[in-house]
Amino acid sequence: MEEKHLLEVTDLNIEFHDHLIPETVVFDFDLILDEGEIVGLVGESGSGKSMSALAIAGLLSRKDMKKRGEILFEGKDLLTCERSELRKIQGNDISVIFQEPMTSLNPVMKVGWQVEESLRIHTNLTKEERYAKAIAMLEDVELDNPEKVYNQYPHELSGGMRQRVMIAAAMICAPKILIADEPTTALDVTIQAQIVDLLKRLNKEKKTSILFISHDLSLIRQICQRVLVMKGGYIVESGPTEQIFNHPKEEYTKKLISAIPKVEPGAKFRKKG
Amino acid sequence: MNNAKKKNFNLIVGGAITGIILLMILVGIFYTPHDPNAMDASNKFAGVSFKHLMGCDNFGRDVFSRVLEGSRTTFFVAAGTVFIGTFFGVIIGALTGYYGGVVDEVLMRVIDAIFAFPSILLALVFISLFGSGKYQVILALGIAFVPSFARIVRSEFIKYKNMDYVKNARLQGASDFRIMFVHILPNTVTVLLSAIMIGFNNAVLAEAGMSFLGIGVQPPDASLGRMLSEAQAYLFRAPAYAIFPGVVIILMVLGFSLLGDGIKSEE
């Protein structure tokens, strides 16, 4: 008997048609995501990882590109379903957080308003209920003084705080899938660790599956159960994280792993003088 | 915290002038020293006096009272024009800028066609279609003003539609309509506001020009342009008759353009 998966992507091909010569950026992309799972998607810049993620999120325009294959979310094909149908899923069942927290928030809107936006679109809650939910969510992403943050504008927040706000806005409808497109790349290392911990905790508490896109292998190793390695539009290797890290089959994966900067446990700092 | 901020003189002076003009218009609604349309042959071309602050015109009507009423008419026409221009300009600009492609091509070519005519000339054409009068002038000038607003709004929408936060709104499941008017439009407010100020000035001048040509507001109603055109025949006998409405037009335009500059530099 075949098991039902939360998200099943098979044979996804993405082809751009906005120039004279069509250009394919993703070939035969396969992905399975189950409830509560964190799957990593690694690869260098231009390997097609963000493109695949955007296709799953339904952000790619339908005019300029051809997409083949299917993206089944709970049995519904996101590639062929109606726009209105897709919109009901977006933000409600599938949410995305972007790499750049600086530009992902609308500068003229208050933070609270933006966190509530998904609720406003997908639910019929009253103003007070939305407020209560937004405050609870802001608290949940470990922001101090959520009532104050609620009434602030994005430029008043630091990068780490904005990314937390983004996560709050993405998680407020308790989506089943969270696509995190390099959520920590623009942040410094300590904040990075906090954000990763936060994502891990939300994953555990709310059973939200996460598709974690990154080029940082050490991060991927920390949080993902399974990894897909992409290069030049192809998935070159996939499997459980430990297996990939300990026994990489492909040359490219080996290269990626050897590129992780290591701090040797026995290394001593040279003393002066 | 505030002392580091430079004082915005454009905003202050522009606001003051506009405030005075608006106060004048407001007062003019409830009170004018004389009936603006009452003729009095004995006061024909009376000079400036305490009884007639700005003198009298060729029919012995009190110019000050007529200026109060005329600036109200002019303001009303200009405001109506800008409202029509902004309303349709925003809708067309939003649709063309956001969707691009065929929608953009079709709508913008229509806009280009309107834009190809000088706005006064175009308004003349519409006046000859609709007939003359206050509301017809508003409609005619409003249509002539749509293209400039549409272009401004369109370029703003093109700038903002690929911003991450707009993508984000789309990923939250917001409809196109909601993205356009709830997420993007507030970002364009400062640009739109100064465009409105400039548009308002042009509308004041256009109304004055059309009334001057005799196709705008019809007598005996007063409008600043109408008064100027009537005063033209008596420029040497009663210069005050031409000067006062002219000065009020200048102040109105000056006030609004300073206000527009002030708002722009606040950003």
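Residues numbered from 1 in each chain as written. Chains lettered and ligands numbered in written order. Predicted model: local features only at pLDDT ≥ 70, side-chain atom pairs only at ≥ 80, totals over all residues. Heavy atoms only, no water.

### Brief notes about the overall build of chain B
Logical step 1: A tally of helices and strands in chain B yields 10 helices and 0 strands.
Logical step 2: Written out in order from the N terminus, the α and β elements of chain B read α-α-α-α-α-α-α-α-α-α.
Logical step 3: C-alpha atoms of chain B, sized along the principal axes, occupy 75 × 55 × 30 Å.
Logical step 4: Per-residue burial for chain B yields a buried fraction of 49% across its 267 residues. (Helix = DSSP H or I, 4+ residues; strand = E, 2+ residues; numbered from the N terminus. Buried < 20%, exposed > 50% of the residue type's maximum accessible area, 1.4 Å probe, protein only.)

### Thoughts on the packing of helix 3 (residues 111-122) of chain A against helix 4 (residues 127-140) of chain A
Residue and element names in this part refer to chain A.
Logical step 1: The N-to-C vectors of helix 3 and helix 4 enclose an angle of 130°; their axes lie 9 Å apart at closest approach. When the axes of helix 3 and helix 4 are compared, the pair comes out oblique. With respect to the hand of their crossing, helix 3 and helix 4 are arranged in right-handed fashion. Residues Val115, Glu116, Leu119 and Arg120 of helix 3 form the contact with helix 4, whose own contacting residues are Arg130, Tyr131, Lys133, Ala134 and Leu138.
Logical step 2: Looking at side-chain class alone, the contact of helix 3 with helix 4 contains 5 nonpolar, no polar and 4 charged residues. (Axes fitted to C-alpha atoms, helices over the stretch in contact; angles between N-to-C directions. Parallel < 35°, antiparallel > 145°, perpendicular 65-115°, else oblique. Left-handed = near helix turned anticlockwise from the far one by under 90°. Contact = heavy atoms within 4.5 Å. Nonpolar A, V, L, I, M, F, W, Y, C, P; charged D, E, K, R; others polar.)

### Looking at the domain arrangement of chain A
Residues and elements named next belong to chain A.
Logical step 1: Partitioning chain A into domains gives domain 1 (1-93 + 177-259) and domain 2 (101-174).
Logical step 2: Between the C-alpha centres of domain 1 and domain 2 the distance comes to 25 Å.
Logical step 3: Between domain 1 and domain 2, the residue contacts involve 19 residues of the former and 16 residues of the latter.
Logical step 4: Each partner contributes to the roughly 1400 Å² buried at the junction of domain 1 and domain 2, and carbon and sulfur atoms together form 61% of this total.
Logical step 5: Applying the counting criterion to the domain 1 and domain 2 interface returns 3 salt bridges.
Logical step 6: Residue aspartate 140 is joined to arginine 201 by a salt bridge in which the shortest nitrogen-to-oxygen separation is 3.7 Å.
Logical step 7: Counting across the interface, domain 1 meets domain 2 through 6 residue pairs in polar contact (both at pLDDT 80 or more).
Logical step 8: Counting residues per element, the ones that place at least two in the side of domain 1 that touches domain 2 are helix 2 (83-89) and helix 7 (189-206).
Logical step 9: Here the side of domain 1 that touches domain 2 takes 9 residues from helix 7, the largest share from any one element.
Logical step 10: The residue inventory of the side of domain 1 that touches domain 2, partitioned by class, reads 9 nonpolar, 5 polar and 5 charged. (Domains from an automatic or database assignment. Buried area = accessible area lost by both parts, 1.4 Å probe. Salt bridge = Lys/Arg side-chain N within 4 Å of Asp/Glu carboxyl O. Polar contact = N/O pair within 3.5 Å; in protein donor to acceptor, adjacent residues only side chain to side chain.)

### Topic: helix 8 (residues 189-212) of chain B
Logical step 1: Along its 24 residues, helix 8 of chain B runs 34 Å from first to last C-alpha, staying within 8% of the 34 Å computed at 1.5 Å per residue.
Logical step 2: Directly beyond the C-terminal end of helix 8 of chain B, a positive phi value near 90° is found at Gly214(B). (Expected span 1.5 Å × (residues − 1).)

### Some remarks on a nonpolar patch on the surface
Residue and element names in this part refer to chain B.
Logical step 1: A cluster of nonpolar side chains, Leu23, Leu26, Val27, Ile29, Phe30 and Tyr31, forms an exposed patch at the surface whose accessible area comes to about 680 Å².
Logical step 2: Relative to the assigned elements, tyrosine 31 resides in the loop between helix 1 (9-30) and helix 2 (63-99).
Logical step 3: Judged by its relative accessible area of 52%, tyrosine 31 falls in the exposed class. (Patch = residues over 30% accessible without salt bridge, like charges linked within 9 Å, V, L, I, M, F, W, Y side chains within 5 Å. Areas by Shrake-Rupley, 256 points an atom, 1.4 Å probe, with all protein chains shown as cover.)

### Section: the interface of chain B and chain A
Logical step 1: Between chain B and chain A, the residue contacts involve 17 residues of the former and 27 residues of the latter.
Logical step 2: Among the residues of chain B in contact with chain A, Tyr165(B), Leu171(B) and Gln172(B) are the three that bury the most area, contributing 36% of the side total.
Logical step 3: Counting every contact that joins chain B to chain A gives 2 salt bridges.
Logical step 4: In this structure, Arg83(A) and Asp176(B) form a salt bridge, with 3.4 Å as the shortest nitrogen-oxygen distance.
Logical step 5: Linking chain B with chain A are 9 residue pairs in polar contact (both at pLDDT 80 or more).
Logical step 6: At the level of elements, helix 6 (164-171) and helix 7 (176-184) of chain B are the ones that each hand at least two residues to the side of chain B that touches chain A.
Logical step 7: Ranked by the residues each element gives to the side of chain B that touches chain A, the list is headed by helix 6 of chain B, at 6 residues.
Logical step 8: Here the residues of the side of chain B that touches chain A sort into 6 nonpolar, 6 polar and 5 charged.

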